Amino acid sequence: MNDMKGKRVVVLGGAGFLGSHLCERLLRDGAAEVISLDNLITGDERNLADVAAVGRLLVVRHDITEPMRVDGPVDCVFNLASPASPIDYAQLPIETLRVGSLGTENGLRLAREKGAVFVQASTSEIYGDPLVHPQREDYWGHVNPIGPRSVYDEAKRYGEAITAAYARTYGVRTRLARIFNTYGPKMRLEDGRVVPAFVGQALRGEDFTVFGDGTQTRSFCYARDLIDGLVRLALSDVTEPVNLGNPREMTILEFAEAVRKAHGGGGRIVFMPLPKDDPKQRRPDITRARTLLGWEPKVSLEEGLVETLAYFRKVVSPRAAPHPQPGKTSVGASP
Ligand code: UDP
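These notes cover the structure that comes with them. (Residues numbered from 1 in each chain as written. Predicted model: local features only at pLDDT ≥ 70, side-chain atom pairs only at ≥ 80, totals over all residues. Heavy atoms only, no water.)

This brings us to the overall build of the protein chain. When helices and strands are tallied, the protein chain shows ten helices and 13 strands. For 335 residues, the compact-globule formula gives about 20 Å, and the C-alpha radius of gyration of the protein chain, at 19 Å, lands near that figure. Across the 335 residues of the protein chain, 55% fall into the buried class. Residue pairs at least 24 apart in sequence account for 83% of intrachain contacts in the protein chain once pairs closer than 6 positions are excluded. Looking at the protein chain as shown, the accessible area adds up to about 14,300 Å², and 53% of this sits on carbon and sulfur atoms. (Helix = DSSP H or I, 4+ residues; strand = E, 2+ residues; numbered from the N terminus. Rg over C-alpha atoms; globule rule 2.2 N^0.38 Å. Buried < 20%, exposed > 50% of the residue type's maximum accessible area, 1.4 Å probe, protein only. Contact = heavy atoms within 4.5 Å. Areas by Shrake-Rupley, 256 points an atom, 1.4 Å probe, with all protein chains shown as cover.)

So, on to the packing of aromatic side chains. On inspection of all chains with the given rule, the structure shows nine aromatic pairs. Taken together, a centroid distance of 5.9 Å and an interplanar angle of 20° make the contact between Phe 198 and Phe 255 stacked. Placement of the pair is Phe 198 in helix H6 (residues 194-204) and Phe 255 in helix H8 (residues 252-263), with a sequence separation of 57 residues. An identical accessibility class is assigned to Phe 198 and Phe 255; each is buried. An aromatic cluster is built from Phe 198, Phe 208, Phe 220 and Phe 255, whose rings are joined through pairwise contacts. When the ring centre of Tyr 170 is taken as reference, the NZ or CZ atom of Arg 112 above it lies at 3.5 Å. (Phe/Tyr/Trp six-rings, centres within 6.5 Å; stacked < 30°, edge-to-face > 60°. Lys NZ or Arg CZ within 6 Å of the ring centre and 35° of its normal.)

Here the focus is the pairing of strand S6 (residues 174-179). Where burial is concerned, most of S6 is hidden: six out of the six residues are buried. Residues Thr 174, Leu 176 and Arg 178 line one face of S6 and the alternating positions Arg 175, Ala 177 and Ile 179 line the opposite face, and both faces are buried. Strand direction decides the pairing type here: strand S5 (residues 117-123) and S6, joined by six bridges, are parallel. Across the sheet, residue Val 119 finds its bridge partner in S6, namely Arg 175. Taking the sense of rotation as the criterion, the β-α-β connection linking S5, helix H5 (residues 150-170) and S6 turns out right-handed. (Pairing = 2+ DSSP bridges. Right-handed = clockwise from strand over helix to strand, strands pointing away.)

Turning next to the pairing of strand S11 (residues 241-244). Sheet faces and side chains relate simply in a regular strand, where the side chains alternate between the two faces. Of the two faces of S11, both are covered, the one formed by Pro 241 and Asn 243 as well as the one formed by Val 242 and Leu 244. The pairing of S6 with S11 spans four bridges and is parallel. The residue of S11 that forms the bridge with Ile 179 is Leu 244.

Our next topic: the sheet that holds S11. Ordered by their spatial adjacency, seven strands build an open sheet running S3-S2-S1-S4-S5-S6-S11, and the pairing between neighbours is parallel. The sheet terminates laterally at strand S3 (57-61) and S11, the two strands that pair on one side only. Averaged over all adjacent pairs, the angle separating strand axes in this sheet is 20°, with direction ignored. Bridge count between strand S1 (residues 8-12) and strand S2 (residues 33-38): five bridges; the pairing is parallel. Each bridged residue has a counterpart across the sheet, and for Arg 8 the counterpart in S2 is Glu 33. In the packing of helix H1 (residues 17-28) onto the sheet, contacts are made with S1, S2, S3, strand S4 (76-79) and S6, and the angle to S1 comes to roughly 170°. This element, helix H7 (residues 223-235), spans S4, S5, S6 and S11 of the sheet and lies at about 160° to S6. (Axes fitted to C-alpha atoms, helices over the stretch in contact; angles between N-to-C directions.)

All right, on to the site of the ligand then. Neighbouring the ligand are 19 residues; Thr 209, Phe 211, Arg 218, Asp 278 and Arg 282 lie closest to it. Within the side chain of Arg 149, a nitrogen or oxygen atom sits 2.9 Å from an oxygen atom of the ligand. At a separation of 2.8 Å, an oxygen atom of the ligand approaches a polar backbone atom of Phe 211. Protein chains shield 95% of the accessible area of the ligand, which is 520 Å² for the free molecule. For the shell around the ligand, the secondary structure elements donating two or more residues are H6 and strand S8 (208-211). Of the residues assigned to the shell around the ligand, the class counts are eight nonpolar, five polar and six charged. (Near = heavy atom within 4 Å. Polar contact = N/O pair within 3.5 Å; in protein donor to acceptor, adjacent residues only side chain to side chain. Nonpolar A, V, L, I, M, F, W, Y, C, P; charged D, E, K, R; others polar.)

So, on to the side chain of Thr 174. Of note, Thr 174 is situated in strand S6. If we ignore the near neighbours within four places in the chain, the residues touching Thr 174 are Leu 108, Phe 118, Thr 163, Ala 167, Val 238 and Thr 239.

What follows is about the pattern of salt bridges. Opposite charge on two side chains lets them pair, provided their charged atoms get close. Within the structure shown, the criterion is met by 29 salt bridges. Where Asp 278 meets Arg 149, a salt bridge forms, and the shortest distance between an N and an O atom there is 3.9 Å. Of this pair, Asp 278 sits in the loop between strand S13 (269-272) and helix H9 (287-293) while Arg 149 sits in the loop between S5 and H5, and the two are 129 residues apart along the sequence. Look at Asp 278 and you get buried, because its relative accessible area is 11%. Through salt bridges with shared partners, one network takes in Glu 125, Arg 149, Arg 218, Asp 278 and Arg 282. (Salt bridge = Lys/Arg side-chain N within 4 Å of Asp/Glu carboxyl O.)

Structure representation (structure tokens):
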């Protein structure tokens, strides 16, 4: 595949945050048809409302842990189906394990049957609480196999294993993207992740809920950049895992400050207990993506936050703000 023009593409998890951005991008790139399969457990078909008007998008409600049939040829299958925020996967532990294992294999079966490229959305979580910093793809990780995050981490590790096995055993053309923290419009305001949490809090004039002492680090990539990396990976012939993320690393306290600046004001910091097994540091080494895909992020955190705030402004009403509740991560209206 040289480009997405005229291609028929299946996006598993197409109604989710990244899935819906990907559908939009594929349609913009001239895909003949994009088929989104999603059971809406954490996705929302409203994320696809803008692009549905374009036509060429088929939105199907389907749980990919159940067998799936797609008629006609398929050039590429992207698997972005999974709860992805620590709060979501803690509340949906079995669903997360099943979609990462059975769901991923069903996606691989489809790709095998159709002779399609299979792109697996893996994650920096496969590195766990990393002992090597920054994280390179040859690091095998440091994961607690029975901790609260294990349902996601181990499902994604299994997802990589079965993807590699389908490539070796059946010759499926597979791609593995290890996605680091990504943010932007269409995240769920209440998904508990730090970006929608702080942005929602800034817009409602509430305090920022910093977990632990806020010295843990993350590196935030804007959704548009991430999707560009994913499409480049799909179009490449790179079968080994590739980190996709923004190497600019900051502490959570620095991130709160960045949100405050972008919003032009914001609340104080309130410290709350650090969740168990919360990784202390995270930053991608993106040498492989730079070298093999010619990819690197272009959107600065400052620009990305402006666009993200503009999106969330439409879904947050400051007057409807509930009082902050101790012990709650974030509260607010659904988009
Ligand atoms: N975090 C925080 N306050 C919040 C939500 C998250 O301080 O309201 C912290 C969390 O403990 C973690 C970091 O922000 O250290 C990123 O959390 P997130 O849930 O976004 O994703 P993770 O990278 O942990 O999967």
